[in-house]
Every structure is written in C-alpha cells, then in structure tokens.
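The residues making up each chain are set out below.
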Amino acid sequence: MSETTSLSVLDQWHEIVNNVREEYLSTTQNYPWIIGFSGGKDSTLVAHAVFEALMTMAPSQRTRPVHVVSNDTMVESPLVMAHLDEVTYLIDEAGRGLDLPITVARTKPDPDKTFWVLLIGKGYPSPNSSMRWCTDRLKIQPTSTYIKENVSKHGAAIVVLGVRRSESIQRMNTINKYENVRGTQLTEHTSIPGALIYRPIVDLTTDDVWEILGSFQAPWGGTHQKLFQLYRDAEGGECPVVLSKEEAPGCGTKNSRFGCWTCTVVEKDKSLQGFIDSGKHAYKPLVAFRDWLVDIRNDPARRSAVRRNGRLTFDLTGKHIPGPFTIQARREILDGLLKVQEEFGATLITTEEIDLIHKVWATDLQTEESLAHA
Ligand code: SF4
C-alpha cells in the first residue's frame, strides 16, 4: 500500500475516534451504549475506537455507560470462544484499571432453547436453510433481551455495531434502506422499539479494517496479532453479531466461518476445517460429528411419523413431512456427542443441558404412551 493511501487510512481512523468521542459526549441521545461484540475484526475495531475515545476524556465526562456484550451460543467454535474469553477479560480488566464506564457482559440462549436441548431433547431435526430454527433462539433472542432490558431501564439504548457497507451487497442494501433519525447519525433498530443503531466504521473497507488493526496496539493491552492468526487459520470470514432476522442470512452461510461448530446449515463446515488444515487435528471428531448430523437428518428410520403435537403433517403437494427425531435417535445422538466430548477433552454439552434433555424425554415418553392408549 502506498504511503498516501496508508496516511489516508490513518487519518480516517483518527476521524472515526473523534466521531465516536463527539457522539459519546452528545447530550441529545444520552442513552447507554451497547457494543455488539463478536470478537471478529469489525467489532474488535469498534470496541477499540470506543475504548480509545473514552481514554481521551476527563473522568467527569465519562458519564454514559458502555456495555461490551458478546453472545455464547453454547455451540460456538471452541477456538473462537477461547479468543473471545481472552479479549473480553482484557477489556474488563483494563477498563476497570482505567476507571472507564465499561461493563463486559455475556449472553446465552435460554436453558430450554439451547442447540442440544432442542435437537437432542425435543428432537428438532438438524437445522437446514429451509428450517433454520437456531439463529433466532441461539443468537437474536439472547442479545435482544439484553438490549430490551436496557431500553426499559433507561428509556432507550444505542447499539454500537461494526457493520460496514462493503461487507456484502445485502449488508449495503440494509444499511442504505434506513434513514438517520432526524439531526443524528443514528438509525432506528428494525425490530426493537426504543433501540437505536450507531455504526462508527460503516464506510471502512475490509483492507482498511485490517490495516488499522495492524497499525495500532490494542488499547486494553497487547496487540491484535492473535486475531490475525485466528483469521489466517480459519481462512477468513466470521459469524457476525446477528440482531434481526433481516441480517440473519449472514449466519450459516459460506461467509460465516466463525459460526457454531455444529452448523448443519452450511454445506461443508469451514469454521473448524480451516483450523484442522492449519494443524489443529483435535477438531476432527467435531467435524465428523457435524457431518453425521447432516447425514441422519432425513433418515426416515430416525424420524417420528407424527409431529410433537401428535398430528400427521403434509405439505401443499400432499407429501408427508416427518416429525422430530425419535427418542431412540435422540439417545443415539447424545451417546455420540458424549463420545466426541470425551475424545475432545473439553465441554461440548453441559450437565444442565443433559438433565433438561432427560426431563424432556420423560415428558415425551409419557405423551407418546397416552396417545397410544387414546
Ligand atoms: S451458525 Fe449455523 S447453527 Fe449457528 S445459529 Fe447460525 S445458522 Fe444456526
């Protein structure tokens, strides 16, 4: 990159930090900020800009609370989760040390709506593009609940996002569709009343983002080198912060290589395959298990004839739509998962989830029995 270009990127960065500072200090929309932090490059840059802007202010000016919120789907790629844990810990520690008004939070799906409780407990078939039951429950709802809580507590909340026009045509169209709230650079959230969106890096290109991350130390300590390594190993791409159904197409597509390791919506898993290709062979059993979940999805022997409500269902052409995985198939999946977990040597399903799964099975067996005797 030429010196002039690189200078202009750095100038752009200073402009962004200044803009973040002014927006933070503006009194017209003095609501808490919620940074949607996925640990990927774009949200890291946004957190970096906010952190840096806060450091330029006198303590008396830092009155607006800033929440750095990341979501754990509980089936997140383990390497990405480890990175997220490390960075959020550093942000939390450094923020406290510098007396910045930062709260680091982690959201999760409701206990009865996790991937395993729904798939193994209730027998939901492995998600695919026409029946993608996971995004809403694993990603949208947990983050939305956090935002809504702040909206009801403070009257409104501002969600600070690392979305950029140049990410994709789809993203550009979504960004261009909504006008700013009069007299501000904020837009209204499409599905959460009272929530506003602020996009400080909307006009940066991917190259700009990498160049800035490579040019500056992380303000919470250390460099962004681990992030570079993570992307190199995963061969790029990320599963972004997903706030609404409109933005959800980015989740579970070939662009979302940092998505759930269990993602059966993608044709081939890329999140872990990239890591395996770069020498991390411990992830092989996880990829094989995900592939098996894809294979068994439409096996009639593993699916109930009736839906969970006991009814036979047909589509418009009269074709029978099978129901959930049978209890036997669910047991088989749990056994398989526990074997993979043992081989892998780290938690892939929690004991709370297993307890809940057993409870759901007990209720389903009772229902099946009463239907048989009806
Ligand atoms: S990454 Fe895949 S499994 Fe995870 S929420 Fe998105 S579509 Fe669903």
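Remember, it's a predicted structure, so these values are computed and weren't measured experimentally. (Residues numbered from 1 in each chain as written. Predicted model: local features only at pLDDT ≥ 70, side-chain atom pairs only at ≥ 80, totals over all residues. Heavy atoms only, no water.)

A. Representation of the pattern of salt bridges within the structure. All chains considered together, the criterion is met by twelve salt bridges. Between D92 and R96 there is a salt bridge; the shortest N-O distance is 3.2 Å. Here the residue D92 and the residue R96 both occupy positions in helix α3 (residues 78-97), the gap between them amounting to four residues, near one helical turn. Here the salt bridges do not stand alone but share partners, grouping K41, D42 and R164 into one network. (Salt bridge = Lys/Arg side-chain N within 4 Å of Asp/Glu carboxyl O. Helix = DSSP H or I, 4+ residues; strand = E, 2+ residues; numbered from the N terminus.)

B. The arrangement of the domain arrangement of the protein chain in detail. Each domain of the protein chain was delimited in the assignment, giving domain 1 (3-121 + 136-250) and domain 2 (271-373). Here the C-alpha centroids of domain 1 and domain 2 sit 33 Å apart. Contact with domain 1, which involves 15 residues of that partner, is made by 24 residues of domain 2. Taken together, domain 1 and domain 2 are joined by four residue pairs in polar contact (both at pLDDT 80 or more). Within the side of domain 1 that touches domain 2, the residues separate by chemical class into ten nonpolar, three polar and two charged. (Domains from an automatic or database assignment. Contact = heavy atoms within 4.5 Å. Polar contact = N/O pair within 3.5 Å; in protein donor to acceptor, adjacent residues only side chain to side chain. Nonpolar A, V, L, I, M, F, W, Y, C, P; charged D, E, K, R; others polar.)

C. Just α3, in detail. Counted at 1.5 Å a residue, the expected span for α3 with its 20 residues is 28 Å, and the 28 Å between its end C-alpha atoms agrees. Of the positions making up α3, those classed as buried are L79, V80, M81, H83, L84, V87, T88, I91, D92, A94 and G95. Phi turns positive one or two residues past the end of α3, at D99, with a value near 60 degrees. (Expected span 1.5 Å × (residues − 1). Buried < 20%, exposed > 50% of the residue type's maximum accessible area, 1.4 Å probe, protein only.)

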